[in-house]
Amino acid sequence: MALYGTYRATAFTQHADHLSGAENGLICIVSSLPLGSDATNALTKSFEALGYGPDPCTFLTLQSRTSSHVGMEGEPGQAPKDSLTAKDLFSVVEALDPVIVVSCDQQATNLLSTAYRQALPPFGSAKIFGRFGCFLPGISTMLATDKGKQQVWAHLKALPVRTSPPMRK
């Protein structure tokens, strides 16, 4: 296994409660809570349509998927006990080494902004450490309307299209 594959595998082992989807995904989807199946399927199919191959997405949730305190806040200025900190988020994203990072809600965008020490737009796109980034303020809500679906697709298709087959294994 290549060195980068080792980092990804370690991230999946150490943060198993926060990661799902493709271990070798080229796209990292970040959300504060686990996404519903509609959002997960929409993102996966969108990136497949953009040429990133089957199963292109790794899903990273700030709150543990097994948390008994989903949605509860910790002390002011601190992440809840079973949530990723900015340092953790940075480490996991860097270990995954995705081509694109998509933030699916404002809380995720805020923590990415803190982790990468740069201002990120609440809605739109920007580079994060040389990666393409797409920031959606609430994908589940957006996907509930035709207008919202069109906005999500417009932002996703503005990202680079993959013209050669994915090489990660």
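Look a little higher up for the structure.
Cut-offs and rules
- Residues numbered from 1 in each chain as written.
- Predicted model: local features only at pLDDT ≥ 70, side-chain atom pairs only at ≥ 80, totals over all residues.
- Heavy atoms only, no water.
- Buried < 20%, exposed > 50% of the residue type's maximum accessible area, 1.4 Å probe, protein only.
- Helix = DSSP H or I, 4+ residues; strand = E, 2+ residues; numbered from the N terminus.
- Pairing = 2+ DSSP bridges.
- Phe/Tyr/Trp six-rings, centres within 6.5 Å; stacked < 30°, edge-to-face > 60°.
- Expected span 1.5 Å × (residues − 1).
- Arc of directions from axis to C-beta.
- Contact = heavy atoms within 4.5 Å.

A.B. asks: Hey, could you run me through the pairing of strand S3 (residues 57–61) in this one?
C.D. replies: Counting buried positions along S3 yields five of five residues, so the element is predominantly enclosed. Every second residue of S3 is oriented toward a common face, with Cys57, Phe59 and Thr61 on one face and Thr58 and Leu60 on the other, all of them buried. In this sheet, S3 lies alongside strand S1 (residues 19–21) in antiparallel orientation, the contact comprising three bridges. Paired with Ser20 across the strands is Phe59, a residue of S3.

A.B. asks: How should I be thinking about the packing of aromatic side chains in this particular structure?
C.D. replies: For the structure on display, the rule yields four aromatic pairs. Here the aromatic rings of Phe90 and Tyr116 are separated by 4.8 Å at their centres, their planes lie at 55°, and the arrangement is tilted. Of this pair, Phe90 sits in helix H3 (residues 86–96) while Tyr116 sits in the loop between helix H4 (106–115) and strand S5 (124–128), placing them 26 residues apart in sequence. Of the residues examined, Phe90 reaches a relative accessible area of 26% and is grouped as partly exposed. The interplanar angle of 90° and the centroid separation of 5.4 Å between the aromatic rings of Phe90 and Phe129 together place this pair among those described as edge-to-face.

A.B. asks: Would you mind showing me how to read helix H6 (residues 146–157) here?
C.D. replies: In an α-helix there are 3.6 residues to a turn, and that puts residues three or four apart on one side. The end-to-end C-alpha distance of H6 is 16 Å, a good match for the 16 Å that 12 residues give at a rise of 1.5 Å each. Taken as a whole, H6 has its buried residues at Gly148, Val152 and Leu156. Buried residues in H6, looked at end-on, bunch into an arc of 70°, giving them a common side. Facing away from the buried surface of H6 by more than 90 degrees, the exposed residues are Asp146, Lys147 and Gln150. Residues of H6 that are buried sit in contact with helix H2 (37–49), strand S4 (100–103), strand S6 (131–135) and helix H5 (139–142).

A.B. asks: Would you take a moment to explain unusual backbone geometry for this structure?
C.D. replies: Peptide bonds are mostly trans, and most non-glycine residues show a negative phi. One non-glycine residue with positive phi stands out, namely Asp97, at about 50°. Classification of Asp97 by relative accessible area gives partly exposed; the value is 29%. Of note in this structure, Arg117 is not a glycine but carries a positive phi near 50°. Turning to its location among the elements, Arg117 is positioned in the loop between H4 and S5.

Geometry only, nothing functional implied.
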